[in-house]
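# Analysis of the macromolecular model
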Amino acid sequence: MTSRWVALVLSVVAGVALFAAPATAASAPVVRCSFTPTPDNPAARPVLRPLPFALTRGTVDVTFHFNYGPVTVRLDRAGAAPCGVANMVSLVMQHFYDRSQCWRLSDSERLGVLQCGDLYEVEKGGPGYKFPDEVSGAETYERGTIAMGNQGPGTNGSEFFIVHSFAHIPAQYSVLGKVVRGMDAIDRMVKDGIIPTDPNGPLDGAPKHPVKIATASFGR
């Protein structure tokens, strides 16, 4: 899909949403979002910023076609992070994640995640904008959780992680949904091992066998 076509589709949706008043996810079908350009950290690939609103009803399935096999996540628009879900939907629609690599894998007692979404290297190569965290403080990160990664409060962009065991981390990362198919593919990534590159320890670093996303698409 070309950027012009994406713009047209999003413009049509925006026209419908202009009639909706600002509200919380619990009380209205849309909420306002804030996507702020980061000129000091430009987009790794040209993409349009998402529109400044998000739907708060229903779910959407996204399948990441890894070199290990497909992994389908069910994003929950009615959860705590509707703007995060809208952001991922926008990036998938614009093919941002296609032909990208996942640079970090961890398998310690504290943290068991696959981290993806940075196009250049760990925490480098985002979409050229950021948006606030959407957390309630009650988030937990069990196996199969997909959540936004960041480099500090309010720095969400394209980075995300999928939990393959459990993540004993503060409730500071916006939860987008759950894996509904393909955890066995992630388990195989973990089994293949890790090249220690992170100061947090030998079980945190680059996947020993490169993990790549060929495409990301909607549905299963």
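If you're wondering where the values come from, they're calculated on a predicted model, not measured in any experiment. (Residues numbered from 1 in each chain as written. Predicted model: local features only at pLDDT ≥ 70, side-chain atom pairs only at ≥ 80, totals over all residues. Heavy atoms only, no water.)

One pass over the structure, following the stated rule, counts two disulfides. For cysteine 33, the disulfide goes to cysteine 83, at an S-S distance of 2.0 Å. Given an S-S torsion of about -90°, the disulfide between cysteine 33 and cysteine 83 has left-handed geometry. Taken as a pair, cysteine 33 in the loop between β1 (30-32) and β2 (36-37) and cysteine 83 in helix α2 (residues 82-93) lie far apart in primary sequence, 50 residues in all. An identical accessibility class is assigned to cysteine 33 and cysteine 83; each is buried. Each disulfide pairs two cysteine sulfurs, and for cysteine 102 the partner residue is cysteine 116, the sulfurs being separated by 2.0 Å. Disulfide cysteine 102 to cysteine 116: torsion about the S-S bond roughly 100°, handedness right-handed. With cysteine 102 in strand β6 (residues 100-102) and cysteine 116 in strand β8 (residues 111-116), this residue pair connects regions lying 14 residues apart in the sequence. By the burial criterion, cysteine 102 is buried, and cysteine 116 matches it. Each disulfide in the chain links cysteines that, numbered along the sequence, combine into the pattern 1-2, 3-4. (Disulfide = S-S within 2.5 Å. Helix = DSSP H or I, 4+ residues; strand = E, 2+ residues; numbered from the N terminus. Buried < 20%, exposed > 50% of the residue type's maximum accessible area, 1.4 Å probe, protein only.)

Attention now goes to the confidence of the model for the chain. On average, residues of the chain score 88 in pLDDT, and 86% of them reach the 70 mark or higher. The low-confidence segment residues 1-26 (pLDDT under 50) makes 25 contacts with residues lying over four places distant or belonging to another chain. (pLDDT = per-residue confidence, 0-100. Contact = heavy atoms within 4.5 Å.)

Spatially, β6-β15-β4-β5-β12-β10-β11-β8-β7-β14-β13 is the arrangement adopted by the eleven strands of the open sheet, whose pairing is antiparallel. Each edge of the open sheet carries a strand with a single partner, namely β6 and β13 (194-196). When strand polarity is set aside, the average angle formed by the axes of neighbouring strands in this sheet is 35°. Bridging between strand β4 (residues 59-66) and strand β15 (residues 211-218) involves five bridges; their strand directions are antiparallel. Residue pairing for β15: phenylalanine 64 is matched across the bridge by alanine 216. Helix-sheet contacts for α2 involve β4, β5 (69-76), β10 (145-148), β11 (160-167), β12 (175-181) and β15, and the interaxial angle to β15 is about 100°. (Pairing = 2+ DSSP bridges. Axes fitted to C-alpha atoms, helices over the stretch in contact; angles between N-to-C directions.)

So, about the side chain of aspartate 61. Following the sequence through the fold, aspartate 61 ends up in strand β4. Polar side-chain contacts of aspartate 61 include one of 2.7 Å to the side chain of arginine 74. Not counting the four nearest positions on each side in its chain, aspartate 61 is found in contact with Thr72, Val73, Arg74, Ser217, Phe218, Gly219 and Arg220. (Polar contact = N/O pair within 3.5 Å; in protein donor to acceptor, adjacent residues only side chain to side chain.)

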